[in-house]
Amino acid sequence: MMTSNNVMHEITPLTPGDCFTISSRVKNKFDFPLHYHDEYELNFIINAKGAKRVVGGNIEVITDLELVLIGPNLYHTWFTHQCCSEDITEVTIQFHKDLFDDKFLRRNQMSFVKAMLERSQRGISFPPETIMVLKDRLLSLDKKNGFDSVLELLSILHDLSISRNMKTLSDPAFAIEKFNYNSRRIEKVYEYLNTNYTKSVTLAEVARIANMPEASFSRFIKKRTGKTFIDSLNEIRLGHASRMLIDSTTTVAEIAYKCGFNNISNFNRIFKRKKLCIPKEFRETYTGNRIFI
């Protein structure tokens, strides 16, 4: 089994105030490395017959119609493999793992969606009949706005959840350990970091928020989240920076300083280590095809 050291942790530009993000593009190859992220992802691909899909421990060559739901922190990617198409259409929808509150999901009318989201921890592929029914709605989701978009996403997820013949893809062992924070202290810390990421934030002040000594807090956050304090802070900063790179014409240097990085070279280095490209390349790749709801 691969360890997370071999696999890129993608920090998506979805901020706490967003419900979901949708990107659509036409391309002639797949070049994103094997990766995982904290969000759910629904990926719809047309005209990529012969490409290879990797989800956890499952590897398959895909057909012309592909629709897959990936749960949080599950390794996945698509490789060009034997695909010769010059116009692959890919629509990617990513949404927060807490977009639907646990209590909401336990309501009777949400039972199918709840079961599907739980199953997606191993990845789910949907059959061609289901894809054909939802194809036009998936392609036009980015034309809707605000609340209508959220309602339509929920409706699409419900229709997927009652689909017959959905297929679970991966063996359970391939999902990364699910860090269930189950901790008001960690929640308070993340709220604080999301509010103060633009400033210089010290371990001492965050330990105070958690009401713990510094050394104890360092061990605590690593155990509960799998990340050190500084990694957690940098990931929040990178998420906001990614969003600004896509959503604004602010210079890379300004974005670095606005997101709490003390110098541009430090920002570039951390960004490249986490995203495998420099901020300028990231901006060129994503500008114009991603919408935040």
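In this text the structure is predicted, and so the values were computed from the model without any measurement.

Reading the values: the criteria
- Residue numbers restart at each chain and count upward from 1, following the sequence in its written direction.
- Two thresholds apply to this predicted model, a pLDDT of at least 70 for residue-level local features and 80 or more for giving and counting side-chain atom pairs, whereas whole-chain, interface and lining totals are computed over all residues.
- As a rule here, side-chain values come from all non-hydrogen atoms in the structure, and water together with hydrogens is ignored.
- We count a stretch as a helix when DSSP gives it H or I for four or more residues in a row; a strand needs E for two or more, and each element gets its number in order from the N terminus.
- Only C-alpha atoms enter the radius of gyration, while the globule expectation follows 2.2 Å times N to the 0.38, with N the number of residues.
- Whether a residue is buried, partly exposed or exposed follows from its accessible area with a 1.4 Å probe, protein chains only, as a fraction of its type maximum: under 20%, in between, or over 50%, in that order.
- Throughout, a residue-residue contact means that at least one pair of heavy atoms, one from each residue, lies within 4.5 Å.
- Surface exposure here means Shrake-Rupley accessible area, sampled with a 1.4 Å probe, where a residue is shielded only by the protein chains that are shown.
- His is not counted here, nor are the chain ends, while Lys and Arg score as positive and Asp and Glu score as negative.
- Positions of charges follow a simple convention, taking NZ of Lys, CZ of Arg, CG of Asp or CD of Glu.
- Here, nonpolar core refers to any group of buried Ala, Val, Leu, Ile, Met, Phe, Trp, Tyr and Cys residues whose side-chain atoms link them within 4.5 Å.
- To estimate the expected span of a helix, subtract one from its residue number and multiply by 1.5 Å.
- Here, the arc refers to the directions that run from the helix axis to the C-beta atoms.
- The rule for a disulfide is simple: a pair of cysteine sulfur atoms within 2.5 Å.
- Stacked, tilted and edge-to-face pairs are distinguished by plane angle, under 30 degrees for stacked and over 60 for edge-to-face with tilted covering the rest, among Phe, Tyr and Trp rings (Trp via its six-membered ring) whose centres lie within 6.5 Å.
- Fitted lines through C-alpha atoms serve as axes, helices being fitted only where they are in contact, and the angles separating the N-to-C directions of these axes extend from 0 to 180 degrees.
- Roughly parallel refers to an angle under 35 degrees, roughly antiparallel to one over 145, roughly perpendicular to one between 65 and 115, and oblique to any angle outside these ranges.
- Only Asp, Glu, Lys and Arg are considered charged, only Ala, Val, Leu, Ile, Met, Phe, Trp, Tyr, Cys and Pro nonpolar, and every remaining residue, Gly among them, polar.
- Any N or O atom pair separated by 3.5 Å or less is treated as a polar contact, with the protein-specific requirement of one donor-capable and one acceptor-capable atom, and with residues adjacent in sequence counted only for side-chain atom pairs.
- Take a side-chain nitrogen of Lys or Arg and a carboxyl oxygen of Asp or Glu: if they are within 4 Å of each other, that pair is a salt bridge.

*Asks:* Any details on the overall build of the chain? Residues and values, ideally.
*Replies:* Across its full length, the chain holds 11 helices and 12 strands. Against the compact-globule benchmark of 19 Å for 293 residues, the chain has a radius of gyration of 19 Å, which places it among compact chains. Based on the C-alpha atoms only, the size of the chain along its principal axes is roughly 55 × 45 × 40 Å. Counting every position in the chain, which comprises 293 residues, the buried fraction comes to 50%. Across the chain, contacts joining residues at least 24 apart in sequence account for 76% of those joining residues at least 6 apart. Put simply, the chain shows about 14,500 Å² of open surface, and 52% of that area lies on carbon and sulfur atoms. Distance from the positive charge centre (41 side chains) to the negative charge centre (34 side chains) of the chain: 5 Å.

*Asks:* Outline the nonpolar core, supporting the account with residue identities and numerical values.
*Replies:* Membership of the largest hydrophobic core comes to 34 residues, with the highest contact counts inside it found for Leu193, Phe217, Phe229 and Phe267. Listing elements by their share of this core, those giving two or more residues are helix 5 (184-196), helix 6 (203-210), helix 7 (214-225), helix 8 (229-247), helix 9 (252-258), helix 10 (264-275) and helix 11 (279-286). Sort the elements by how many residues they give to this core and helix 8 lands first, with eight residues.

*Asks:* Describe helix 10, and please don't skip the residues or the numbers.
*Replies:* Between the first and last C-alpha of helix 10 there are 16 Å, a value that for 12 residues agrees with the 16 Å anticipated at 1.5 Å per step. Among all positions in helix 10, only Asn266, Phe267, Ile270, Phe271, Lys274 and Lys275 are buried. The buried residues of helix 10 occupy an angular sector of 130 degrees when projected down its axis, which confines them to one face. Those residues of helix 10 hidden inside the fold are in contact with strand 1 (8-9), helix 8, helix 9 and helix 11. Following helix 10 by one or two positions, Leu276 adopts a phi angle in the positive range, close to 60 degrees.

*Asks:* Summarise the state of the cysteines; cite the residues concerned and give the values.
*Replies:* Using the criterion set out here, one finds zero disulfides in the structure. Left unpaired, Cys84 is separated from the closest cysteine sulfur, that of Cys83, by 6.6 Å. Using a relative accessible area of 68% as the deciding quantity, one classes Cys84 as exposed.

*Asks:* Explain the packing of aromatic side chains to me, using residue names and the numbers behind them.
*Replies:* Summed over all chains, the structure comprises seven aromatic pairs. Both rings, one in Phe261 and one in Phe267, keep their centres 5.0 Å apart while their planes meet at 45 degrees; by these two values the pair is tilted. Here Phe261 and Phe267 have matching classes, each one buried. For the pair Phe267 and Phe271, a centre-to-centre distance of 5.7 Å together with 70 degrees between the ring planes defines the contact as edge-to-face. Of this pair, Phe267 and Phe271 both sit in helix 10, separated by four residues, roughly a single helical turn. In this structure, Phe267 and Phe271 share a single accessibility class: buried. These aromatic residues form a ring-pair network of at least three members: Tyr40, Phe95, Phe100 and Phe104.

*Asks:* Describe the packing of helix 6 against helix 7, and please don't skip the residues or the numbers.
*Replies:* Direction vectors running N to C along helix 6 and helix 7 enclose 80 degrees, while the axes themselves pass 9 Å from each other. Relative to helix 7, the element helix 6 lies roughly perpendicular. Of the residues in helix 7, those touching helix 6 at Leu203, Ala204, Val206, Ala207 and Ala210 are Glu214, Phe217 and Ser218. By residue class, the composition of the contact of helix 6 with helix 7 is six nonpolar, one polar and one charged.

*Asks:* Just give me the short version of the side chain of Asp18, but keep the residues and values in it.
*Replies:* Along the chain, Asp18 turns up in the loop between strand 1 and strand 2 (20-27). One polar contact links Asp18 to Arg243, side chain to side chain, over a distance of 2.5 Å. For Asp18, the residues in contact, after removing those within four places along its chain, are Pro13, His96, Arg243, Phe292 and Ile293.

*Asks:* Outline the pattern of salt bridges, listing residues and values.
*Replies:* Counted under the stated rule, the structure contains 16 salt bridges. Between Glu66 and Arg53 there is a salt bridge; the shortest N-O distance is 2.6 Å. Residue Glu66 is located in strand 7 (residues 65-70), and its partner Arg53 is located in strand 5 (residues 52-55); the two are separated by 13 residues in the primary sequence. Take Glu66 and Arg53: they sit in the same class, and that class is buried. Where Glu118 meets Lys114, a salt bridge forms, and the shortest distance between an N and an O atom there is 2.8 Å. With a gap of four residues between them, Glu118 and Lys114 both fall in helix 2 (residues 111-119), about one helical turn apart.

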